[in-house]
Amino acid sequence: MEKNTLFYVILAILVVQYLVQQYLEYLNAQRFKSTLPPELADVFDEDEYKKSQQYKRTNYKFGIISDGFSLVLTICFLAFGGFGWVDQFTRSISEDSIPMALIFFGIIMLGSAVLGLPFSYYRTFVIEEEYGFNKTTKSTFFSDKIKGGILTVILGGGILTLFMLFYQSTGPNFWVYAWIAVGIFILFINLFYSRLIVPLFNKQTPLENGSLKTSIENYAQKVGFELQNIFVIDGSKRSTKANAYFSGFGKEKRITLFDTLINDLSEDEIVAVLAHEVGHYKRKHIIVNLVVSLLTTGLTLFILSLFINHPEISLAIGVSTPSFHAALVGFALLYSPISELTGLIMNYLSRKFEFQADDFAKNTFAATPLVSSLKKLSKKSLSNLTPHPAYVFVHYSHPPLVERIRNLKA
Ligand SMILES: [Zn+2]
């Protein structure tokens, strides 16, 4: 394809994606006022319900503005030769392909982080603050951004360097080596996420001895789940929203409970949430998710290898000298419809897994405390009780509350 045609294909992808996205948001917003299903009548009282509606509307309006801003910015950058300018600036510093790629992406990422900062600040300190969720201080907010940035530079820069080394030494076959490297990286992060990444942002302490720990251990023993690591994380440092999650596998597996969860839920409810997490493990969801993400990574890298050699991809984004880094940007833009599609499949799978984990908790522990914990958590986060089915299909990794409750009560 010619470079101009490709340029318009990229523009079309950006615009169509934005329109589809906004149409889904619009459909969803139309249902903000719908009457609640009877199962959910007791989640909110009238005032809280109004507050949850207002929260959703505020987020909806904010999304239109922030997404619109980023679309206009991306299109302007493409149309007025922004990538070409950054590329030339990069070439004035170094002509070696690896440092060039690192500087090029460094500038693009720094620019988009700086432009995104006001939006992120507004979301945290105006919207979340107004609805009483925010517990983040300004210093935590900024130090999070800086730590996240450093992590991106180290991990992202490392992976990019590896990719280019493979590309230089093996040509079009580089995707196989890149896949193996990314595979090892994904496995490593999965195993050591709680040990290496989480401590940069949060404090984790082993759950204290006491009746909660005893109930959890009794449950774990009953279902034959070997559990040495139960940690409590100081989620309350940033937000009042509560959560629990499972990470790692083998000896490294651990369950992490937010301190907010421990404060808000009864002991039975916490064990029920935990039973759901154990369900994910026992039904092999952790392994399946890992395999699926390895396969999609392989697919992406394979398609990348078909594109990376075509100079038109670089030229289409307005860069005059084709290069690995420019082709990577063009590829990322062209590939986004495919990644939307794999995202749909992953969400579909994830919703199925949520039902299975709920069933596991119901069969091995009890349904009632899980139902009441889900209601409490939804109430706490003012979550949307009546999402539009099309919105759920595209965006939800968890089934809507009412479906989970119906399944648990069935
Ligand atoms: Zn789950």
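What you see is a predicted model, and the numbers here were worked out from it, not measured in a lab.

Draft legend 1. Highlighting the sheet that holds strand β3 (residues 244-247). Sheet architecture is open: four strands sit in the order β1-β2-β4-β3, paired in mixed fashion. Edge positions in the sheet fall to β1 (204-206) and β3, since each of these pairs with one other strand and no more. Across the sheet, the mean angle from the axis of one strand to that of its neighbour is 30°, orientation sign disregarded. Examined bridge by bridge, β1 and strand β2 (residues 230-233) share three bridges and lie antiparallel to one another. Bridge pairing links P206 to F231 in β2.

Draft legend 2. Expanded view of the layout of surface pockets. In this structure, the second largest pocket spans a volume of roughly 1,700 Å³. Along its surface, the second largest pocket is lined by 48 residues, and F105, I108, M109, S112 and T152 are the ones closest to its centre. Taken together, the elements giving at least two residues each to the lining of the second largest pocket come down to α2 (46-79), α3 (82-93), α4 (97-130), α5 (138-170), α6 (174-201), α10 (285-307) and α12 (324-364). Ranked by residue count, the leading element in the lining of the second largest pocket is α4, at 15 residues.

Draft legend 3. Geometry of the UniProt feature "domain: Peptidase M48" (unreviewed entry) in the protein chain. Under the UniProt annotation, "domain: Peptidase M48" (unreviewed entry) lies at residues 206-409. Taken end to end, residues 206-409 is 65% helix and 7% strand, and its two terminal C-alpha atoms sit 33 Å from one another.

Draft legend 4. Region of interest: the nonpolar core. Core analysis: the biggest nonpolar cluster contains 50 residues, and I216, Y219, F225, I255, L257, L261 and V278 have the highest contact counts within it. The element that contributes the greatest number of residues to this core is helix α9 (residues 267-282), accounting for seven residues. Excluding its chain neighbours within four sequence positions, the residues that come into contact with I216 are L207, L227, I230, L257, V271 and L274. Judged by nonpolar contacts, the second largest core, of 43 residues, contains V86, F104, F105 and F163.

Draft legend 5. Structural context of the coordination of the zinc ion. Protein coordination of the zinc ion is provided by H276 (NE2), H280 (NE2), E354 (OE) and E354 (OE), with donor distances spanning 2.1 to 2.6 Å. Seen from the zinc ion, its four donor atoms lie at angles of 54 to 133°, and the figure they make is irregular. Written as a sequence motif, the donor arrangement for the zinc ion is H-x3-H-x73-E. With H276 and H280 both in helix α9, this residue pair falls four residues apart, about one helical turn. Of the two residues, H276 and H280, neither departs from the other in class, the shared state being buried.

Draft legend 6. The arrangement of the packing of aromatic side chains in detail. Throughout the structure, instances matching the rule amount to 32 aromatic pairs. Both rings, one in F225 and one in Y281, keep their centres 5.4 Å apart while their planes meet at 80°; by these two values the pair is edge-to-face. Separated by 56 residues along the polypeptide, F225 in the loop between α7 (211-222) and β2 and Y281 in helix α9 bring together distant segments of the chain. On the accessibility criterion, Y281 (23% relative accessible area) is partly exposed. Here the aromatic cluster, defined as three or more aromatic residues joined through ring pairs, consists of F62, F69, F119 and Y122. Lying over the aromatic face of F125, K138 brings its terminal NZ or CZ to 5.4 Å of the ring centre.

Draft legend 7. Structural detail: unusual backbone geometry. You will see that K284, though not glycine, has its phi angle at about 65°, which is positive. Counting through the fold element by element, K284 comes out in the loop between α9 and α10. Judged by relative accessible area, which is 51%, K284 ranks as exposed. Phi is positive for L382, close to 50°, though the residue is something other than glycine. Along the chain, L382 falls in the loop between α13 (368-380) and α14 (389-395). A residue is classified by how much of its surface remains accessible, and L382, at 6% relative accessible area, is buried.

Rules and cut-offs
Residues numbered from 1 in each chain as written. Predicted model: local features only at pLDDT ≥ 70, side-chain atom pairs only at ≥ 80, totals over all residues. Heavy atoms only, no water. Pairing = 2+ DSSP bridges. Helix = DSSP H or I, 4+ residues; strand = E, 2+ residues; numbered from the N terminus. Axes fitted to C-alpha atoms, helices over the stretch in contact; angles between N-to-C directions. 1 Å grid on protein atoms, 1.4 Å probe; cavity = no way out; pocket = protein on both sides within 12 Å on 5 of 7 lines; lining within 4 Å. Points joined across faces, edges and corners; volume = space filled by probe spheres on them. UniProt positions renumbered as here; feature names shortened; annotations may be inferred. Core = buried A, V, L, I, M, F, W, Y, C linked by side-chain atoms within 4.5 Å. Buried < 20%, exposed > 50% of the residue type's maximum accessible area, 1.4 Å probe, protein only. Contact = heavy atoms within 4.5 Å. Donors = N, O, S within 2.8 Å, 3.2 Å for Na, K, Ca; no water. Tetrahedral: all angles 85-135°; square planar, octahedral: opposite > 155°, others 65-115°. Phe/Tyr/Trp six-rings, centres within 6.5 Å; stacked < 30°, edge-to-face > 60°. Lys NZ or Arg CZ within 6 Å of the ring centre and 35° of its normal.

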